[in-house]
Each structure stands twice: as C-alpha cells, then as structure tokens.
Amino acid sequence: MNTTNRNTNNNTNNANGWQGVLLDLDGTLLDTLPDLAASANESRRAVGMPLLDESLIRTFVGKGADNLIKRTLAGNLDAPEPDAAIYEQARAVFFEHYRATNGDRAVMYPGVRQGLEELMALGLPMAVVTNKPHDFSVPLLERTGLMAFIDVVVGGDTCAKRKPDPEPIVFACQQLGIHPGASLTIGDSINDALAARAAGGAVVAVPYGYNEGNPVTDLPVDGIVDTIVHAVAWLQTNPTPQEQSETLK
C-alpha cells in the first residue's frame, strides 16, 4: 500500500457529499494490455506452448496476475488448476518479464489526466484499487505520471482478498479516512461493480476496458461514462448512496 496524504482535511468543493474516489488501474486509467499480453505469451513460450493472440489474452485480464497466468496456460477463461511445476515455471517467467517491461507500451486513455485534475480541484482524495500486484502498480503509476494524483494504492496483494470482494474497497476508504457510502468507484469490469456495491459505495463504468470480454452494459453499475471527465460530471450531478439512504429514513 502507498499513502501520500495529499488531501488531509477532506474539504471538498462538490455539492453532493462525495468524500473520495476509488479508481481501477488496468482498463480504466491505462491500457496495459500490450505489456501484459507480451509477458503472458513469454510464460507460454517458456513451457513450450504456442503463443496466443493479444485479443484473446485481453479477455483473461481482470482477476490478478495469478489468474491471468492460469488462464493463459489454459488458453481460456475457465482455467483448470494447472500442473504445479509448469505453473511455477510460467509464473516465474511472467513476473520476470513483466517487471522488466512494466509500462513500456502502456497508454493513458483519453480524458484520464484531465479527469484526475478535475477531481483534485474538487478536493477529493483518490485511491487506486487494483487487482494488479502492488509492486507492479506503484512503479507503473509513477512511470506514467499518475502517482501525483493518488493518495493510496491498494494492490491485489494488499488485502487478504481482492476484488470482487469488497475488502480492498473498504480498506482504501479507511486509508483515505472516508465513508464507503460516500465513495465513488470508477472501473471497467464486474470486479469493480461487485466490490463497490458490496462495500456500500457507488460505481460507474467506462466502456473501453477489459471486463473479461463481456459488454459493460451488462454490469450492475450506477452509470456508464465515456471517460473519467464524464465520471466527474456524473459525480457532480448525483448524490452519494449514503445521502440517498438518509433521505429515505
């Protein structure tokens, strides 16, 4: 976990009671697929398997590096438990290759920097909550210049459980000093939607990410926004779940 404590007083300029924003990383802030796919294929090459198309590996992204490796070895989403020796060899190659190339071909999605600047201007603290290992997440954020906006980084190995479990969302809110019911999660997948909802927060989805090959329109979210900039506009025109609950009392 990384904490910068950029926002310490939680004084915000938005009118709807929002206290903070939680952001997914892969598929939401950055298109990291080329680097992930290259490392995944290196793991297959190391164990004598033919390489896979990047478009197929795209559907494997979302539930952390270990699941990506298992799916890559199986060549499909419903990956059975692989042979232990083959898996350990493939995993070692994947981590070695990705550590060396992390961010080489990562591309920031349109509207990300502007959206983060607007959230910062509102005084909202921000956390990245990702299923990517923490030790890969922070260097990637630093390399792309996004770490300047982020107060807390919760990786897939920070808590005992990862998204879609709500634990990382709740933990991030604790670190930011905010109530989960006054948080907005911005993501691209079912993992983000289920985790945020279970934590009691709101969630919006961007349509350009991964979501394991499924359409974002099927997600149980509060809204679909074209970019992070549009997410800021959504936040400024919608009340928090906490406020909605208090209104109904």
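Residues numbered from 1 in each chain as written. Predicted model: local features only at pLDDT ≥ 70, side-chain atom pairs only at ≥ 80, totals over all residues. Heavy atoms only, no water.

A. Here's a closer look at the pattern of salt bridges. A full pass over the atoms with the stated rule returns 12 salt bridges. Its salt-bridge partner being Asp26, residue Lys132 comes within 2.9 Å of it at the nearest N-O pair. A residue pair is termed long-range when its members are at least 10 positions apart, and Lys132 in the loop between β5 (126-129) and α6 (134-143) and Asp26 in the loop between β2 (20-23) and β3 (30-31) qualify at 106 residues. Judged on exposure class, the residue Lys132 and its partner Asp26 are both buried. Close ionic contact of Glu81 with Lys70 constitutes a salt bridge, the shortest N to O distance being 3.2 Å. (Salt bridge = Lys/Arg side-chain N within 4 Å of Asp/Glu carboxyl O. Helix = DSSP H or I, 4+ residues; strand = E, 2+ residues; numbered from the N terminus. Buried < 20%, exposed > 50% of the residue type's maximum accessible area, 1.4 Å probe, protein only.)

B. How the structure looks around the packing of helix α5 (residues 112-121) against helix α9 (residues 228-237). Running from N to C, α5 and α9 point in directions that differ by 30 degrees, and their axes come no closer than 7 Å. The angle between α5 and α9 places the two elements in the roughly parallel class. Residues Val112, Gln114, Gly115, Leu116, Glu118 and Leu119 of α5 form the contact with α9, whose own contacting residues are Ile228, Val229, Val232 and Leu235. Grouping the constituent residues of the contact of α5 with α9 by class yields seven nonpolar, two polar and one charged. (Axes fitted to C-alpha atoms, helices over the stretch in contact; angles between N-to-C directions. Parallel < 35°, antiparallel > 145°, perpendicular 65-115°, else oblique. Contact = heavy atoms within 4.5 Å. Nonpolar A, V, L, I, M, F, W, Y, C, P; charged D, E, K, R; others polar.)

C. View of the environment of Arg99. Looking at where Arg99 falls in the secondary structure, it is placed in helix α4 (residues 84-101). In this structure, the C-alpha to C-alpha distance between Arg99 and Asp35, residues 64 residues apart in sequence, is 10.0 Å.

Limitation: the analysis is restricted to geometry and does not speak to function.
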